[in-house]
Amino acid sequence: MRLLTRALCLCGLRRQAASRRPVAAQECLGPRSSKRPGQRCWASIWAVGTRSALSSKLGGITRIMRPDDANVAGNVHGGTVLKMIEEAGAIISTRHCNSQNGERCVAALARVERTDFLSPMCIGEVAHVSAEITYTSKHSVEVQVHVMSENILTGTKKLTNKATLWYVPLSLKNVDKVLEVPPVVYSRQEQEEEGRKRYEAQKLERMETKWRNGDIVQPVLNPEPNTVSYSQSSLIHLVGPSDCTLHGFVHGGVTMKLMDEVAGIVAARHCKTNIVTASVDAINFHDKIRKGCVITISGRMTFTSNKSMEIEVLVDADPVVNNFVKRYRAASAFFTYVSLSPEGKSLPVPQLVPETEDEKKRFEEGKGRYLQMKAKRQGQVETQA
């Protein structure tokens, strides 16, 4: 009887939502012919609001957070959030790249810019993920994503994540062939100029990360506490059908979730407390990972401040069923974690002790990234004030 009562209540809520929402959810996933070529668009799996809200391109992926989405601390796993962000971006960019007549394609994730975890999301809350195409070059799409969490008991909403992703359209006939992207229409000329600057900046950064592709994380016997070797960790995963798109290569969101898990293990081993993802600094996808590959996700501590830890994560793919393709670097990124007490308050982090010359060099590079981001945040606060 209790289940029946709950079901009737849910039906009543859906009818009320339908009365406020003249455009049905399935219309948001309707045929492409309803959207003009080149129009800026939003990915929508569930849209709540009026026609005016839809016309202003509000909407996105929405789902409730379940217990299996939780991390050890009881909040939503950072990797789960990253996976939802990538799904929203993949939907909108694939839809846009197929908005004109021509060779059909699927949008593949090439890069994720810095992603900040602004506020933790709790189990039982509803995640609303909205995505907007903000710039297109000849062969790439920039998508900006916002994640809101909603407490459905109180109606309280808060911004939890912001991210910028870059996608490239790959032909369905040949996934190694990159197609051209339909242009978008900008409301102001400045938007296109700003987007072009972001495109050139990320392109340069991607080129700078390629020198690390030969870098390998090697295990060390009997490492001392607080050293890089003490907390470094690896995870080996066989890529199966459930990890892949319909076209046989791994979802970017799956890779990001595995990377976040390894980074979390490194952080927990170093400080031996509850840890949470604070930010992700530019995930670069260097090459596609195909079904059947064995991937090794390796993480190592590179820098510590008083209350944060930077972890470098490298993803290597080994096509074990193909003798003609050697092991290759598929993705790389830097994750930032913070240490938390059982009450959820931030704790001081044990300071990393770099031993080798390479470790000392990576420490100084991490310190530079930390100081640069700290100055950027302070500048934003002063601007808002």
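Residues numbered from 1 in each chain as written. Predicted model: local features only at pLDDT ≥ 70, side-chain atom pairs only at ≥ 80, totals over all residues. Heavy atoms only, no water.

## Topic: the overall build of the protein
From N to C terminus, the protein includes 8 helices and 11 strands. Expressed as a percentage of contacts within the protein between residues at least 6 apart in sequence, the contacts between residues at least 24 apart total 73%. Element-wise, carbon and sulfur atoms account for 55% of the exposed surface of the protein, whose accessible area totals about 20,400 Å². (Helix = DSSP H or I, 4+ residues; strand = E, 2+ residues; numbered from the N terminus. Contact = heavy atoms within 4.5 Å. Areas by Shrake-Rupley, 256 points an atom, 1.4 Å probe, with all protein chains shown as cover.)

## Re a nonpolar patch on the surface
Among the surface-exposed residues, Ile64, Ile152 and Leu153 lie close enough to one another that they form a single nonpolar patch of about 340 Å² accessible area. Tracing the sequence through the fold places Ile152 in the loop between strand E5 (141-150) and strand E6 (157-171). (Patch = residues over 30% accessible without salt bridge, like charges linked within 9 Å, V, L, I, M, F, W, Y side chains within 5 Å. Salt bridge = Lys/Arg side-chain N within 4 Å of Asp/Glu carboxyl O.)

## Some remarks on the UniProt feature "active site" (unreviewed entry) in the protein
When the UniProt feature table is mapped to this numbering, "active site" (unreviewed entry) covers Asn71 and Asp260. The named residues occupy 190 residues along the chain; their greatest pairwise C-alpha distance, 11.1 Å, places them in one compact cluster. Along the chain, Asn71 turns up in the loop between strand E1 (61-64) and helix H4 (78-97). Sequence-distant contacts of Asn71, that is, excluding residues within four places in its chain, are made with Val76, His77 and Val276. Topologically, Asp260 is positioned in helix H7 (residues 252-271). Setting aside its immediate chain neighbours within four residues, Asp260 contacts His77, Gly78, Gly79, Leu82, Thr277, Phe335 and Tyr337. (UniProt positions renumbered as here; feature names shortened; annotations may be inferred.)

## Focus on unusual backbone geometry
Notably, Lys272 is not glycine yet its phi reads approximately 55 degrees, a positive angle. Mapped onto the elements of the fold, Lys272 is located in the loop between H7 and strand E8 (274-285). Backbone geometry places Ala282, a non-glycine residue, at a positive phi of 50 degrees. In this structure, Ala282 sits in strand E8. Among the residues examined, Ala282 registers a relative accessible area of 11% and is labelled buried. (Buried < 20%, exposed > 50% of the residue type's maximum accessible area, 1.4 Å probe, protein only.)

## Description of H7
Counted at 1.5 Å a residue, the expected span for H7 with its 20 residues is 28 Å, and the 29 Å between its end C-alpha atoms agrees. Lys272, located one to two residues past H7, shows a positive phi value of around 55 degrees. (Expected span 1.5 Å × (residues − 1).)

## A word on the nonpolar core
Formed by 73 residues in total, the largest nonpolar core has its most connected members in Met259, Ile283, Ile289, Ile297, Met309, Ile311 and Phe335. It is H7 that provides the largest number of residues to this core, a total of 9 residues. Each of domain 1 (56-208) and domain 2 (215-384) contributes no fewer than three residues to this core. In terms of nonpolar packing, the next biggest core, distinct from the first, is built from 5 residues, Ala108, Leu170, Val175 and Phe249 among them. (Core = buried A, V, L, I, M, F, W, Y, C linked by side-chain atoms within 4.5 Å. Domains from an automatic or database assignment.)

## Side note on the environment of Cys244
Along the polypeptide, Cys244 turns up in the loop between strand E7 (233-238) and H7. Spatially, the C-alpha atom of Cys244 lies 8.3 Å from that of Val254, the residues being 10 residues apart in sequence. Discounting chain neighbours no more than four positions away, the residues touching Cys244 are Val239, Phe249, Val250, His251 and Lys291.

## Notes on the pattern of salt bridges
According to the stated counting rule, one finds 16 salt bridges in the structure shown. Across the salt bridge formed by Arg111 and Glu205, the nearest N and O atoms sit 2.4 Å from each other. Within this pair, whereas Arg111 is found in strand E2 (residues 105-112), its partner Glu205 is found in helix H5 (residues 189-209), the two being separated by 94 residues in sequence. When the shortest N-O distance is used, the salt bridge between Asp176 and Lys288 registers 3.1 Å.

## Some remarks on H4
For H4, spanning 20 residues, the distance from its first C-alpha to its last is 29 Å, which sits close to the expected 28 Å at 1.5 Å a residue. Burial analysis of H4 places 17 of its 20 residues in the buried class, the great majority of the element.

## Some remarks on the confidence of the model for the protein
With 81% of its residues at a pLDDT of at least 70, the protein reaches an overall mean of 82. When mean pLDDT is taken per element in the protein, strand E9 (residues 294-304) scores highest with 96 and helix H3 (residues 51-55) scores lowest with 29. Across residues 1-59, confidence stays below pLDDT 50; counting only partners more than four residues off in sequence or on other chains, it has 81 contacts. (pLDDT = per-residue confidence, 0-100.)

## With respect to the packing of aromatic side chains
Under the criterion given, the structure shown has 6 aromatic pairs. For the pair Tyr135 and Tyr199, a centre-to-centre distance of 6.3 Å together with 40 degrees between the ring planes defines the contact as tilted. Of this pair, Tyr135 sits in strand E4 (residues 126-136) while Tyr199 is found in helix H5, placing the two residues 64 residues apart along the sequence. Here a set of aromatic residues connected by ring pairs shows up, and it is made of Tyr135, Trp166, Tyr186 and Tyr199. The residue whose ring lies beneath Arg369 is Phe334, and the NZ or CZ to ring-centre distance is 3.9 Å. (Phe/Tyr/Trp six-rings, centres within 6.5 Å; stacked < 30°, edge-to-face > 60°. Lys NZ or Arg CZ within 6 Å of the ring centre and 35° of its normal.)

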